[in-house]
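# Coordinates in review
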Amino acid sequence: MNTENHLMIEQQGSLGIISLDRVKHLNALSLDMIEGICTQLELWRNDAAIQAVLFKSNSPKAFCAGGDIRYLYDSYKNETADYKGYFSAEYKMLNLLREYQKPVIVILDGYVLGGGFGLAQACHIVVSSEKSRFAMPETAIGFFPDVGATHFLSRLDDIGVYMAITGEQISSSDALYLDLIDYHVPSEQLSTLQEALIAAPNLSKANIEQIIARFITRPAESELKQLIEPIRKHFGFQHLDEIEHSLEHEQEEQFKTWASKMLDILQQRSFIAKQTSLKLQYLGRGLSLQQCMQLERDLQDIWFEHGDFIEGVRALIVDKDKQPKWQQRNPELEQILEKLS
């Protein structure tokens, strides 16, 4: 077993296992972790003894709580361009995973947020327990859902818009209902499932899926499923003011509390982050995955200058005053967004 850069790397049977091991930070992906994952995947690519790769977490609370936003903030504040290098390494990792010739399994058992969600979506076989909670919460820090969310959330239409601009968490039952995960396996069965994969003589994708199928159970009913009607009603608009106006005027008693809560959340978010996130969701519907990823990369590189990320991280993580001073508008950013569409 090799332990460095907050990753535990081991080979058991024909399975290469990468365990995220930055437990104190809920496995927020550091640059070292991202580069370590890329290096390991390259080492295993032509290793005949490794038939498949498994990602998991050593944290009982989280698979991965996202990117290392404090590192990005510090890099920008110290006037280095390291934040651009971070994104470029992260996107290299995501592309490497998606195109990997051997099956890549991920086991989720806790928070799957932001960059962690992107990492999970890039794996080929996604298994989650009932303990997982999923979200793309970027608008809360004045950013937009990235790591491929312009593609994977936009495929959910109005639900993708809802998730992108509110940053609300969904359960593993919801994720299964939305096809964001492939299999639901109870938390107490995950170690037995891992043992079964280690013991298997043949780890082809079909065989892996047959093994997992022995452990799956029907999860609790999706709560999100009950909200489909009001989500479609309120989040089907192309403009922010229409969405917020619609939520404000929800008439049905059973949905009034929910609509009021969503409106309250949206009103606390950065205007330009919400506007950009909404725009990306509509653009993403007509683009390939690669085009979506390129669009996100182009925006990331200018966002630190023009967006609200630095202020969002300051208010929530650095000073912790929870009083972000969001920009009202940013004409330069609006021009750039206009060119994108």
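Residues numbered from 1 in each chain as written. Predicted model: local features only at pLDDT ≥ 70, side-chain atom pairs only at ≥ 80, totals over all residues. Heavy atoms only, no water.

### So, helix 8 (residues 190–199)
Which entries qualify depends on this criterion: Categorising residues by exposure relies on relative accessible area from a 1.4 Å probe, with only protein chains included: less than 20% of the type maximum marks a residue as buried, more than 50% marks it as exposed, and the intermediate range marks it as partly exposed. Helix and strand definitions here come from DSSP, where helices need a minimum of 4 consecutive H or I residues and strands a minimum of 2 consecutive E residues; each element is numbered from the N-terminal end. Contact between two residues is taken to exist if any of their heavy atoms lie within 4.5 Å; hydrogens are not considered.
For helix 8, every residue scored as buried is listed here: L190, L193, Q194, A196, L197 and I198. Considering only its buried residues, helix 8 is in contact with strand 2 (7–12), strand 3 (15–20), strand 4 (52–57), strand 6 (104–108), strand 8 (125–128) and helix 9 (205–213).

### With respect to helix 9
For the record, the criterion: It is the directions from the helix axis to the C-beta atoms whose arc is reported.
Every buried residue of helix 9 is listed here: I208, I211 and I212. For helix 9, the arc enclosing every buried residue in end-on projection is 100°, short of the 170-degree limit, so these residues lie on one face. Where helix 9 is buried, its residues meet strand 4, strand 6, strand 8, strand 11 (183–184) and helix 8.

### Section: the UniProt feature "domain: Enoyl-CoA hydratase/isomerase" (unreviewed entry) in the chain
This is how the line gets drawn: UniProt positions are given in the numbering used here, feature names are shortened, and annotations may be inferred rather than shown by experiment.
UniProt records the feature "domain: Enoyl-CoA hydratase/isomerase" (unreviewed entry) at residues 16–330, using the numbering of this structure. Structurally, residues 16–330 comprises 51% helix and 10% strand, and the distance from its first C-alpha atom to its last is 47 Å.

### With respect to the nonpolar core
Defined as follows: Here, the term nonpolar core denotes a set of buried Ala, Val, Leu, Ile, Met, Phe, Trp, Tyr and Cys residues that are joined through side-chain atoms within 4.5 Å.
Counting 92 residues, the largest nonpolar core has F55 and F235 as its most contacted members. In terms of residue count, helix 3 (residues 82–98) provides more of this core than any other element does, nine residues in total. Apart from the residues lying within four places of it in its own chain, the contact partners of F235 are D158, V161, Y162, I165, T166, I243, L247, W258, M262, L266 and Y282. Core analysis: the next-biggest nonpolar cluster, separate from the first, contains 21 residues, I17, I125, Y183 and L190 among them.

### Side note on the pattern of salt bridges
Cut-off, in case you're wondering: Salt bridge, as used here, is a side-chain nitrogen of Lys or Arg placed within 4 Å of a carboxyl oxygen of Asp or Glu.
Summed over all chains, the structure comprises 17 salt bridges. Ionic pairing is found between E42 and R45, a salt bridge with its closest N-O pair at 3.0 Å. Of the two residues, E42 and R45 are both situated in helix 1 (residues 31–45); the distance of three residues between them amounts to about one turn of the helix. Residue class for R45 comes out partly exposed when judged on its relative accessible area of 30%. A network of salt bridges, in which partner residues are shared, links E311, R314, D319 and D321.

### Overview of unusual backbone geometry
A positive phi angle is found at D157, which is not glycine, with a value near 50°. Along the chain, D157 turns up in the loop between helix 5 (149–152) and helix 6 (158–166). Overall, D157 belongs to the partly exposed group, its relative accessible area being 40%. Backbone geometry places D179, a non-glycine residue, at a positive phi of 65°. Residue placement: D179 occurs in the loop between helix 7 (172–177) and strand 11.

### Remarks on the pairing of strand 2
Cut-off, in case you're wondering: When DSSP finds at least two bridges between two strands, those strands are taken to pair.
Summarising the sheet, strand 2 and strand 3 pair through six bridges and their orientation is antiparallel. Within strand 3, the residue paired with L7 across the bridge is L20. Linking strand 2 to strand 3, which pair antiparallel, is a turn of two residues; within it G13 sits at a positive phi near 60°.

### Let's talk about the packing of helix 10 (residues 228–235) against helix 12 (residues 253–268)
So the rule is basically this: Helix axes are fitted to C-alpha atoms over the stretch in contact, other axes to C-alpha atoms as well, and angles between N-to-C directions run from 0 to 180 degrees. The labels follow the angle: roughly parallel below 35 degrees, roughly antiparallel above 145, roughly perpendicular from 65 to 115, and oblique for the rest. Crossing chirality is assigned from the near helix's rotation relative to the far helix, an anticlockwise turn below a right angle marking it left-handed and a clockwise turn marking it right-handed.
Close contact between helix 10 and helix 12 brings their axes to 11 Å; oriented N to C, the two are set at 45°. One element, helix 10, and the other, helix 12, form an angle in the oblique class. Relative to helix 12, the crossing made by helix 10 is right-handed. Every residue of helix 12 that contacts helix 10 at E229, P230, I231, H234 and F235 is listed here: F255, W258, M262 and L266.

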